[in-house]
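Inside the fold
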Amino acid sequence: MPSSLLPDFPAPTAPAGKPAGPSNLQQRILYGVLGAILLLGSVWFSPWSFGLFFAAVQVIMLWEFYRMMQKAGYRPAAVLGGAISLVLFGCIHFLNGVYHYSHTPRIDGTIYPLGEAGKWFEAVGTVQNVVLGLGLLLPVLLILREMYAWPREDKEFSPFSNIGVALLGLLYVSLPMSLLNVVAFSGDGTYDYRRVFALLFMVWCSDIGAYAAGKTFGRHKLAPKISPGKTWEGAVGGFLLTLAMGWVLGYLLPELSLTYRLVAAGAVALFGPLGDLAESMLKRSVDVKDSGTIMPGHGGLLDRFDAFLFILPVLALLQLLAGK
């Protein structure tokens, strides 16, 4: 739960002569290791654990986005937006995973299997209609919500500004994160945790390469008004290390061609930093340091997964076009 919604209790005072608690570095290491274990374990265990984990992640990210917008004075429909984001994620997960859950090999055409497996496909049309219905009715639902809440004491922003912010959160956070389901299921409809691992490894290499190269060679600022610490040298270092990981991933995903892996790595190396810069611009616009406090020493989940918001639409499109 976001800390701002909890009672503001005074911080306990450490006894004299004893440390007040773990240092920031210790916190970063501890929560970083725990987070990585939970993340990798959820992805590896099953498509169910993967889906539940990232459904929770994306709704918390959306909540953090709405909280920052509230700091700017907007009043988006956070509860309604969160509920819609969960439905959206679940629908896209089902539509991509129906072949896996039904234990049916994917075939071209519209002929679905009969018997027990066919029951899964009977729900496909319903789920597709739910997604279409959400898209058509969402503006109406948000307008009705503002009509119910009208008039507000704080009239600095119009109700349609709140509607725009609510929609932006779903487009900026929930829809891209839902596309992770496209990446997680291969062209034949099978859940493949290795693909999600590969994405995580490439994103981590992009961050590590950029940090190391920036610290060592960084001289020229990449976007000083948005993120003064980022440099062109760091961007190049991250790009090269991510390409190297794309080559190494041939041992993890030998069925994917080198060309495909390098193109995917290049997309991660290019769009990941742009996603990070976009979130930095967002935080600066509302004057906050971190999107949340769910991971002490690391900030919020939006801080941890901001690169995914630009990477996933590109990778999902690449995967669909290549039929992988």
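Residues numbered from 1 in each chain as written. Predicted model: local features only at pLDDT ≥ 70, side-chain atom pairs only at ≥ 80, totals over all residues. Heavy atoms only, no water.

Examining the overall build of the protein
- For the protein, the count of helices and strands is twelve helices and two strands.
- Reading the protein from its N terminus to its C terminus gives the helix and strand order α-α-α-α-α-α-α-α-β-β-α-α-α-α.
- Of all 324 residues assigned to the protein, the portion counted as buried reaches 42%.
- In the protein, 72% of the contacts between residues at least 6 apart in sequence involve partners at least 24 apart.
- Surface exposure of the protein reaches about 17,800 Å², of which carbon and sulfur atoms provide 68%. (Helix = DSSP H or I, 4+ residues; strand = E, 2+ residues; numbered from the N terminus. Buried < 20%, exposed > 50% of the residue type's maximum accessible area, 1.4 Å probe, protein only. Contact = heavy atoms within 4.5 Å. Areas by Shrake-Rupley, 256 points an atom, 1.4 Å probe, with all protein chains shown as cover.)

Details of the pattern of salt bridges
- Inspection of every chain in the model, using the stated rule, returns seven salt bridges.
- In this structure, Glu-255 and Arg-194 form a salt bridge, with 2.5 Å as the shortest nitrogen-oxygen distance. Placement of Glu-255 in the loop between α9 (232-248) and α10 (258-286) and of Arg-194 in helix α8 (residues 193-217) is noted, with a sequence separation of 61 residues between them.
- When its relative accessible area of 41% is taken as the criterion, Glu-255 is described as partly exposed. (Salt bridge = Lys/Arg side-chain N within 4 Å of Asp/Glu carboxyl O.)

Focus: the packing of α10 against helix α12 (residues 308-322)
- Across the interface, α10 lies against α12 with an axial gap of 7 Å and an inter-helix angle of 155°. It follows from the interaxial angle that α10 and α12 lie roughly antiparallel. Considering only the axes of α10 and α12, their crossing is right-handed. The segment α10 lies against α12, with Tyr-260, Val-263, Ala-264, Ala-267, Val-268, Phe-271, Gly-272, Leu-274, Gly-275 and Ala-278 engaging Phe-310, Ile-311, Val-314, Leu-315, Leu-318, Gln-319 and Ala-322. (Axes fitted to C-alpha atoms, helices over the stretch in contact; angles between N-to-C directions. Parallel < 35°, antiparallel > 145°, perpendicular 65-115°, else oblique. Left-handed = near helix turned anticlockwise from the far one by under 90°.)

Some details on the side chain of Asp-276
- Within the secondary structure, Asp-276 is located in helix α10.
- In this view, Asp-276 contacts Lys-230, Asp-306 and Ala-307; residues no more than four positions away in its chain are not counted.

Comments concerning the nonpolar core
- Counting 64 residues, the largest nonpolar core has Phe-54, Met-61, Phe-65 and Leu-199 as the members making the most contacts within it.
- When residues in this core are grouped by element, the largest group, eleven residues, is from helix α2 (residues 47-71).
- Setting aside chain neighbours within four positions, we find Phe-54 in contact with Leu-39, Val-43, Phe-89, Met-177, Leu-180 and Phe-305.
- Ranked by size, the runner-up nonpolar core spans seven residues in total, among them Cys-91, Phe-94, Val-98 and Val-127. (Core = buried A, V, L, I, M, F, W, Y, C linked by side-chain atoms within 4.5 Å.)

Side note on the packing of aromatic side chains
- Tallying each qualifying case throughout the model produces 14 aromatic pairs.
- Both rings, one in Phe-305 and one in Phe-308, keep their centres 5.2 Å apart while their planes meet at 75°; by these two values the pair is edge-to-face.
- Using a relative accessible area of 4% as the deciding quantity, one classes Phe-308 as buried.
- Taken together through their ring pairs, the aromatic side chains of Phe-50, Phe-53, Phe-54, Phe-185, Tyr-191, Phe-305 and Phe-308 make up a single cluster. (Phe/Tyr/Trp six-rings, centres within 6.5 Å; stacked < 30°, edge-to-face > 60°.)

Some thoughts on empty space enclosed by the protein
- What the rule picks out here adds up to four cavities of 30 Å³ or more.
- In this structure, the largest cavity is lined by 13 residues; those nearest its centre are Arg-195, Met-202, Leu-256, Tyr-260 and Ala-264.
- Those elements giving two or more residues to the lining of the largest cavity turn out to be α8, α10 and α12.
- Taken together, the residues of the lining of the largest cavity sort by class into ten nonpolar, one polar and two charged. (1 Å grid on protein atoms, 1.4 Å probe; cavity = no way out; pocket = protein on both sides within 12 Å on 5 of 7 lines; lining within 4 Å. Points joined across faces, edges and corners; volume = space filled by probe spheres on them. Nonpolar A, V, L, I, M, F, W, Y, C, P; charged D, E, K, R; others polar.)

Points about the pairing of strand β2 (residues 227-231)
- Of the pairings in the sheet, the one linking strand β1 (residues 221-223) to β2 comprises two bridges and is antiparallel in character. Looking at the pairing, Ala-223 lines up with Ser-227 of β2. (Pairing = 2+ DSSP bridges.)

Focus: the confidence of the model for the protein
- Averaged over every residue, the pLDDT of the protein is 86; residues scoring 70 or more account for 87%.
- The low-confidence segment residues 1-19 (pLDDT under 50) makes nine contacts with residues lying over four places distant or belonging to another chain. (pLDDT = per-residue confidence, 0-100.)

Digging into a nonpolar patch on the surface
- On the surface, a nonpolar cluster with roughly 890 Å² of combined accessible area is contributed by Leu-132, Leu-136, Leu-137, Val-140, Leu-141, Ile-143, Leu-144, Met-147 and Phe-160.
- With respect to the element layout, Met-147 can be found in helix α5 (residues 124-149).
- Of the residues examined, Met-147 reaches a relative accessible area of 55% and is grouped as exposed. (Patch = residues over 30% accessible without salt bridge, like charges linked within 9 Å, V, L, I, M, F, W, Y side chains within 5 Å.)

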